[in-house]
Amino acid sequence: MVNIGKDEGMSIRPFSGGNFGRAYYFDGIDDYIDCGNGSSLNITGQITLEAWVFQCWDGGVDRIIIDKLGSSGGYKLYLLTSQLYFAFQSSGGVVIPYYATPALTLFHWYHVAVTFDDTLTSNNVKFYINGVLRQTNSENTYDLANNSLNLMIGKKTTEASGYFNGFIEEVRVSNNIRTFTPGSINGPYSPDSNTKLLLHFDGNADDYSGNRNNGTVTGATLTDEYEAIPVGEIKA
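Source: prediction; values computed, not measured.

Here we take up the confidence of the model for the chain. Here the chain averages 87 in pLDDT, and 86% of its residues register 70 or above. For residues 1-19, every residue scores under 50 in pLDDT, and the model assigns this stretch 53 contacts once sequence neighbours within four places are set aside.

Written as structure tokens, this is what we have:
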């Protein structure tokens, strides 16, 4: 486990790299945020998941950003070996994972996003890193089903594992297909009718989408004192 601090050679000064002033730090052991199971989070058809992340440790296991995946449906955005993954559960009970290359670099800020449109049969899974389209996949067999599980930030929704180690901020879940450019990822974001969860983390874990999916924080620390390395360069 990486313990971020001056003894790790990282300077402490006002938080900057994610652009929004504050973020929650997750220790990779038992920190998470529970956003409940509001009906607005039970999304089918089209979905966009996005967040700003700063990973401090990988460890070769799932590191959850957003998770609402269960045995009957749902979705998940996570990192594994520092690569961005998306998984969803179909109504047929099949978990479908996809991932993007290249891998992300530890100790760098990234805006990460995935879109999935199960109304299409080709080029319908898209990964964006820092507003750049990095991977496109085609899923023409399975649909996106919903479930009754709570949405978690920083851990798996069904078990005490997959804990994220690092900083997360500006989380958004939408029930449409958003497009991104390097200029569009700067926030803070404003909600629209397709925004189903919007967490600015600017002082709390309240949901600014208007759907009242407010987060309950366990362990994660709200900080504005960490010197973030500037927005990351993708590995060649």
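Of all five residues in strand β13 (residues 195-199), five are buried, a share of seventy percent or more. Relative to β13, strand β12 (residues 165-174) runs antiparallel, the two being bridged by four bridges. Across the sheet, residue Val-171 finds its bridge partner in β13, namely Leu-199.

What follows deals with the pattern of salt bridges. Here the structure, examined in full by the defined rule, presents four salt bridges. The partner of Arg-172 in a salt bridge is Glu-50, and the shortest N-O contact between them spans 2.7 Å. One end of the pair, Arg-172, is in strand β12; the other, Glu-50, is in strand β3 (residues 46-55), and 122 residues separate them in sequence. The pair Arg-172 / Glu-50 is uniform in exposure class, with both members buried. Close ionic contact of Lys-156 with Asp-62 constitutes a salt bridge, the shortest N to O distance being 3.8 Å. Of the two residues, Lys-156 is situated in the loop between β11 (152-153) and β12 and Asp-62 in the loop between β3 and β4 (63-67); the sequence distance between them amounts to 94 residues. The class for Lys-156 is buried, based on a relative accessible area of 19%. One salt-bridge network, in which partners are shared between bridges, spans Asp-62, Lys-76 and Lys-156.

Cut-offs and rules
Residues numbered from 1 in each chain as written. Predicted model: local features only at pLDDT ≥ 70, side-chain atom pairs only at ≥ 80, totals over all residues. Heavy atoms only, no water. pLDDT = per-residue confidence, 0-100. Contact = heavy atoms within 4.5 Å. Buried < 20%, exposed > 50% of the residue type's maximum accessible area, 1.4 Å probe, protein only. Helix = DSSP H or I, 4+ residues; strand = E, 2+ residues; numbered from the N terminus. Pairing = 2+ DSSP bridges. Salt bridge = Lys/Arg side-chain N within 4 Å of Asp/Glu carboxyl O.

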